[in-house]
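Residue-level structure breakdown
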Amino acid sequence: MATHDLPRLLAFADALADAARTAILPFFRAPHVCEDKGGGRFDPVTEADQASERAMRVLIERGFPEHSILGEEYGGTLASEGYQWILDPIDGTRAFISGLPTWGVLIGLYHDGRPLLGVMDQPYLDERYRGWMDGANVTAGGETKALRVRDCTGLSEATLSTTDPYLFNGAEADAFARVRKEAKLTRYGCDCYAYCMLAAGHIDCVIENNLKPFDIAALIPIVTGAGGGVVNWEGGDANGGGRVLAWGDARVRDGAKTLVAPPR
């Protein structure tokens, strides 16, 4: 088993998040260029996305030139060997351009294709969520405290979240509708922030689809480090994205997994 210098790597992830903050904040709730990536559905990219990823790549290439990089804006390929930084410079760009503070900078580090640590930074709110193999914390308002998911007796008592219910179609839409019907409360539009609220004990379940590795890489260590879990809808690992189910309490997981699992 590889030995990792987690304090050093976490400190470096913090430095990446600091650089991203500096690059992004001048553009938030201010005039900036926004373009559509195309593909049939409005898929925005802004000056802030690009500036953020460039700033982080420069630091990685300087500090860890032997590490590979996969980023939303400037590409790369998901690696199965070595260390790889997986970057989403702004997760929730639609929220960003709408002036809503539910977006975040996602910084994940995989080793041999497995999650090692993750950071979700919300610059405008001055909140930073960090997770690693066996722990997670949040720094907000100058105070750092441990993250821990909350107990929940089952799906009927759970708060559920997804970014947008209209992302689901066909059988996936039916599966989400089954879970939503059973849940106590459903909230929309939170992007990466929902996973951090799950880790902090305010939400119980997040269900999404069509995720890319950079959408989830940073969030897996945060949720698992806080005592929860993340899998795909079939119950396997979600390291590569796809259809994702995150939970805080195993009783919620069991209820949701039964409802989203494809029929055999």
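An account of the accompanying structure is given in this report. In this text, all values refer to a predicted model and were calculated from it rather than measured experimentally.

Here the focus is the state of the cysteines. All told, the structure shown has 0 disulfides when counted by the stated rule. Cys192 provides the cysteine sulfur closest to Cys34, a residue in no disulfide bond, and the two sulfurs are 17 Å apart. Left unpaired, Cys152 is separated from the closest cysteine sulfur, that of Cys205, by 9.4 Å. Given a relative accessible area of 5%, Cys152 falls into the buried group.

Inspection of the secondary structure puts Arg128 in strand E7 (residues 127-132). Within polar-contact distance, the side chain of Arg128 engages the side chain of Asp14 at 3.3 Å. Separated by 2.7 Å, the side chains of Arg128 and Asp18 make a polar contact. Every residue in contact with Arg128, bar those within four places of it in the chain, is listed here: Asp14, Ala17, Asp18, Arg21, Val119, Met120, Asp121, Asn137, Val138 and Thr139.

Once that is clear, we can look at the environment of Asp88. Within the fold, Asp88 resides in strand E4 (residues 83-91). The buried category is assigned to Asp88, whose relative accessible area is 1%. Ignoring any residue separated from it by four or fewer positions in sequence, one finds Asp88 in contact with Glu72, Gly104, Val105, Leu106, Phe214 and Asp215.

In this section: the sheet that holds strand E10 (residues 159-162). Taken in spatial order, the 5 strands of this open sheet run E11-E10-E12-E14-E13, and their pairing is mixed. Two strands bound the open sheet, and with one partner strand each, they are strand E11 (185-188) and strand E13 (229-232). Across the sheet, the mean angle from the axis of one strand to that of its neighbour is 20 degrees, orientation sign disregarded. Note that E10 and E11 share 4 bridges and pair parallel. When the bridges of E11 are listed, Ser161 appears paired with Arg187. Across the sheet, helix H5 (residues 192-199) touches E10, strand E12 (205-211) and strand E14 (242-247), and the angle it forms with E12 is around 150 degrees. Along the sheet, helix H8 (residues 250-260) makes contact with E12 and E14, crossing E14 at roughly 150 degrees.

Calculation criteria
- Residues numbered from 1 in each chain as written.
- Predicted model: local features only at pLDDT ≥ 70, side-chain atom pairs only at ≥ 80, totals over all residues.
- Heavy atoms only, no water.
- Disulfide = S-S within 2.5 Å.
- Buried < 20%, exposed > 50% of the residue type's maximum accessible area, 1.4 Å probe, protein only.
- Helix = DSSP H or I, 4+ residues; strand = E, 2+ residues; numbered from the N terminus.
- Polar contact = N/O pair within 3.5 Å; in protein donor to acceptor, adjacent residues only side chain to side chain.
- Contact = heavy atoms within 4.5 Å.
- Pairing = 2+ DSSP bridges.
- Axes fitted to C-alpha atoms, helices over the stretch in contact; angles between N-to-C directions.

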